[in-house]
Amino acid sequence: MRHTIRLFSNRFIAALLFSVATLSPLPAARAVLAQKPAEAPRITRPPSKPYTGELSICEDPKRAENLQINRVMDLLGIKQGLNVADIGAGSGWFTVRAATRVGKNGTVYAVEINPDYLRYIEERAADQKLSNIRTILGKEDDPVLPRDSIDAVLILKTYHEIAQPILLLSHLREAMRSGALLGIIDRNGNGKDHGISSKVVIKEAGEAGFTLVEEYDFVKPDGMDYFLVLRVGAAVPSH
């Protein structure tokens, strides 16, 4: 009798293992697994040329009001003690505002591919006594952020300049903590005219493993067309 039970158990376990091994992964899991940075597709559309001019253009006194930047931070869940990334930080206009909000127990990572802009941000942070700002020299396809370190991200008027956005977002996804939100503010365009269609952004973000949470247009007074809020989720299938 014991031999019969043992034989039945062994056969049942073997059959179960075979079934598990031959099952396909769930579609959502397969989509996320497919978005490893090394495997993310490179875009062929031309991006806009990165801005290299005077940073004073970023300092319009009405910009905070026109963008409703406090509302933007509220929707991204930015609060005391969190870690925030400012991708394409430019003059640090958003960086210093985020640093003030997260306080001394939080950190803001200002990511730029222009070393001169990073030096400007470092001087600005020192002048304003904001010791919670960290500058990072990023790459065209990688923000070079610590893994699992970021609670919220904003890409402000910069997405259209990113040379390889799907690769960059794939790396960014690995730096984001569970529940973290990504905000993208830009205007509609064809990629070459310092604008990019929101539909293109949503599609490319999907290929990097993000899904749209909400789309807003209250940023229009600042000359922008949309504010997208995204989170890590199943990728949008490409057609």
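Numbers given to residues run from 1 along each chain, matching the order in which its sequence is written. Side-chain atom pairs in this predicted model are given and counted only at pLDDT of 80 or more, local residue features only at pLDDT of at least 70, and totals for whole chains, interfaces and linings cover all residues. Values shown for side chains rest on all heavy atoms present in the structure; no hydrogens or waters enter the calculation.

Student: Could you clarify how one ought to interpret the side chain of asparagine 83 in this entry?
Tutor: As for its placement among the helices and strands, asparagine 83 is situated in strand E1 (residues 83-87). Exposure classes here rest on a 1.4 Å probe applied to the protein chains alone. A residue is buried below 20% of its type maximum, exposed above 50%, and partly exposed in between. Judged by relative accessible area, asparagine 83 falls into the buried class, the value being 12%. Should any heavy atoms of two residues lie within 4.5 Å, those residues are counted as being in contact. Discounting residues that sit within four places of it in the chain, asparagine 83 has contacts with Gly106, Thr107, Tyr109, Ser149, Ile150, Asp151, Ala152 and Arg177. Helix numbering and strand numbering both begin at the N terminus, where a helix is a DSSP run of H or I of at least 4 residues and a strand a DSSP run of E of at least 2.

Student: Teacher, can you tell me more about the pairing of strand E5 (residues 176-186) here?
Tutor: A regular strand carries its side chains on alternate faces of the sheet. Counting buried positions over the eleven residues of E5 gives eight, a clear majority of the element. A strand pair is defined by DSSP finding two or more bridges across the two strands. Alignment of strand E4 (residues 150-156) against E5, held across six bridges, turns out to be parallel. When the sheet's bridge partners are listed, leucine 156 is paired in E5 with isoleucine 185. Handedness of a crossover: with both strands directed away from the viewer, a clockwise path from the first strand across the helix to the second marks it as right-handed. In this region the chain leaves E4, passes through helix H7 (residues 165-175) and returns to the parallel neighbour E5; the handedness of that crossover is right-handed.

Student: Can you walk me through the sheet that holds E4 in this structure?
Tutor: Sheets are built from strands paired through backbone hydrogen bonds, the pairs being either parallel or antiparallel. Ordered in space as E3-E2-E1-E4-E5-E7-E6, the seven strands form an open sheet in which the pairing is mixed. Of all the strands in the sheet, the pair left with one neighbour each is strand E3 (133-137) and strand E6 (210-216). Across this sheet, the average inter-strand angle for adjacent strands is 20°, counted without regard to direction. The sheet contact formed by E5 and strand E7 (residues 226-232) spans six bridges and is antiparallel. Bridge pairing in E7 places aspartate 186 opposite tyrosine 226. Axes here refer to lines fitted to C-alpha atoms; in helices the fit is confined to the stretch in contact. Angles between the N-to-C directions go from 0 to 180 degrees. Packed on one face of the sheet, helix H5 (residues 93-102) meets E1, strand E2 (107-112), E3 and E4 and runs near 170° to E2. Sheet strands in contact with H7 are E1, E4, E5, E6 and E7, and its direction is about 140° off that of E5.

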